[in-house]
Amino acid sequence: DTAVSQTPKYLVTQMGNDKSIKCEQNLGHDTMYWYKQDSKKFLKIMFSYNNKELIINETVPNRFSPKSPDKAHLNLHINSLELGDSAVYFCASSRSHLQGQPQHFGDGTRLSIL
Amino acid sequence: GQQLNQSPQSMFIQEGEDVSMNCTSSSIFNTWLWYKQEPGEGPVLLIALYKAGELTSNGRLTAQFGITRKDSFLNISASIPSDVGIYFCAGDTTGTASKLTFGTGTRLQVTL
């Protein structure tokens, strides 16, 4: 029944590794997003996809590569993990990519880099 | 990148008290949204505001879209323990594609 679900919930790994986070939404929405929340709880958008197409890329390092196999899924792959990548990553979705659409968030993936 | 300033940063109140918090920006937004985040969970939408001057309620919550389009306010009446959490404002871009800019958050603690 979960509207926006992310896996894994927790991810602990070493610096330099490559990891992926998966997101799925069952709301029938066209648009999905990735956000990063830092240790001070500041939330910042990273990417948005509309119907599998990239709409927003907020100057995120190339080590981060989103992939949307279909409009219900948006995965995030991170190469060569760095200490500064430690954060909570949230997936969200909205009905469309148009301004003003409320976004629904998942419960986050807590990434810790050792 | 741009950041919205929320105040106060944190509040400690007693159950039954009313709460007011606000959010200010140097830029205008077409939409203001208020979210609540509880520990271990993602933000949950509380109220969405679409028009300058608009006042909208959701139960004990009331929010207003500032006339200048650069600010928004959230009030919670008769607070209860489950109101505990971090409250975020978010402004949506004036462009076509949605791009939320979040505030710094107001952390609310309610004591019995």
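Scroll up for the structure.
Since this is a predicted model, take the numbers as computed values, not measurements. All chains use their own residue numbering, which begins from 1 and follows the written sequence. Each chain is given a letter, starting from A, and each ligand a number, starting from 1, according to the order in which they appear as written. Per-residue local features are limited, in this predicted model, to residues with pLDDT of at least 70; the limit for side-chain atom pairs, both in listing and counting, is 80 or more; totals at the level of whole chains, interfaces and linings are taken over all residues. Excluding hydrogens and water, the side-chain values take into account all heavy atoms of the structure.

Looking at the pairing of strand E3 (residues 19-24) of chain B
All names here are of chain B. Put simply, the rule is: When accessible area is computed with a 1.4 Å probe and restricted to protein chains, residues below 20% of their type maximum are described as buried, those above 50% as exposed, and intermediate ones as partly exposed. Only runs of H or I of at least four residues qualify as helices and only runs of E of at least two qualify as strands under DSSP, and these elements are numbered from the N terminus. We call two strands paired when DSSP finds no fewer than two bridges between them.
Here E3 shows a buried face lined by Val19, Met21 and Cys23 and an unburied face lined by Ser20, Asn22 and Thr24. Here strand E1 (residues 5-7) runs beside E3; their pairing, made up of three bridges, is antiparallel. Considered in E3, the bridge of Gln6 is made with Cys23. When E3 meets strand E8 (residues 71-76), the two strands line up antiparallel, connected through six bridges. Residue pairing for E8: Asn22 is matched across the bridge by Phe73.

Concerning the state of the cysteines
Two cysteines form a disulfide when their sulfur atoms are joined by a covalent bond. So the rule is basically this: The disulfide definition used here is simple: a pair of cysteine sulfur atoms within 2.5 Å.
Under the definition given, this model contains two disulfides over all chains. Here A:Cys23 connects covalently by a disulfide to A:Cys91, the sulfurs 1.9 Å from one another. Taking the torsion about the S-S bond as the criterion, the A:Cys23 to A:Cys91 disulfide, at about -80°, is left-handed. Of this pair, A:Cys23 sits in strand E3 (residues 19-25) while A:Cys91 sits in strand E9 (residues 87-94); the two residues are 68 residues apart in sequence, bridging distant segments of the chain. Neither residue differs from the other here; A:Cys23 and A:Cys91 are each classed as buried. At a sulfur-sulfur separation of 1.9 Å, the disulfide partner of B:Cys23 is B:Cys89. What sets the handedness of the B:Cys23 and B:Cys89 disulfide is the S-S torsion sign, and at about 50° it is right-handed. Of this pair, B:Cys23 sits in strand E3 while B:Cys89 sits in strand E9 (residues 85-92); the two residues are 66 residues apart in sequence, bridging distant segments of the chain. A relative accessible area of 0% means that B:Cys23 is categorised as buried. Since its relative accessible area comes to 0%, B:Cys89 is described here as buried.

Overview of the interface of chain A and chain B
What counts is decided by this rule: We call two residues in contact when some of their heavy atoms are within 4.5 Å. Buried area, as used here, totals the accessible surface that two parts lose on assembly, with accessibility defined by a 1.4 Å probe and the loss added over both. By definition here, a salt bridge exists when the distance from a side-chain nitrogen of Lys or Arg to a carboxyl oxygen of Asp or Glu is within 4 Å. Residues adjacent in sequence count toward polar contacts only when both atoms are side-chain atoms; beyond that, a polar contact is any pair of N or O atoms within 3.5 Å, and within protein one must be able to donate a hydrogen and the other to accept it. Here the term charged refers only to Asp, Glu, Lys and Arg, the term nonpolar to Ala, Val, Leu, Ile, Met, Phe, Trp, Tyr, Cys and Pro, and the term polar to all other amino acids, Gly among them.
At the junction of the two partners, chain A supplies 23 residues and chain B supplies 25 residues. Summing both partners gives a buried area of about 2,000 Å² for chain A against chain B, and 57% of it is carried by carbon and sulfur. Where chain A touches chain B, the interface holds one salt bridge. The salt bridge partner of A:Glu58 is B:Lys99, with a shortest N-O separation of 3.0 Å. At the junction of chain A and chain B, the tally comes to eleven residue pairs in polar contact (both at pLDDT 80 or more). Put simply, the parts of the chain that give the side of chain A that touches chain B at least two residues each are strand E4 (31-37), strand E5 (43-50) and strand E6 (53-57) of chain A. Among the elements that make up the side of chain A that touches chain B, the one with the highest residue count is E4(A) (three residues). Here the residues of the side of chain A that touches chain B sort into eleven nonpolar, seven polar and five charged.

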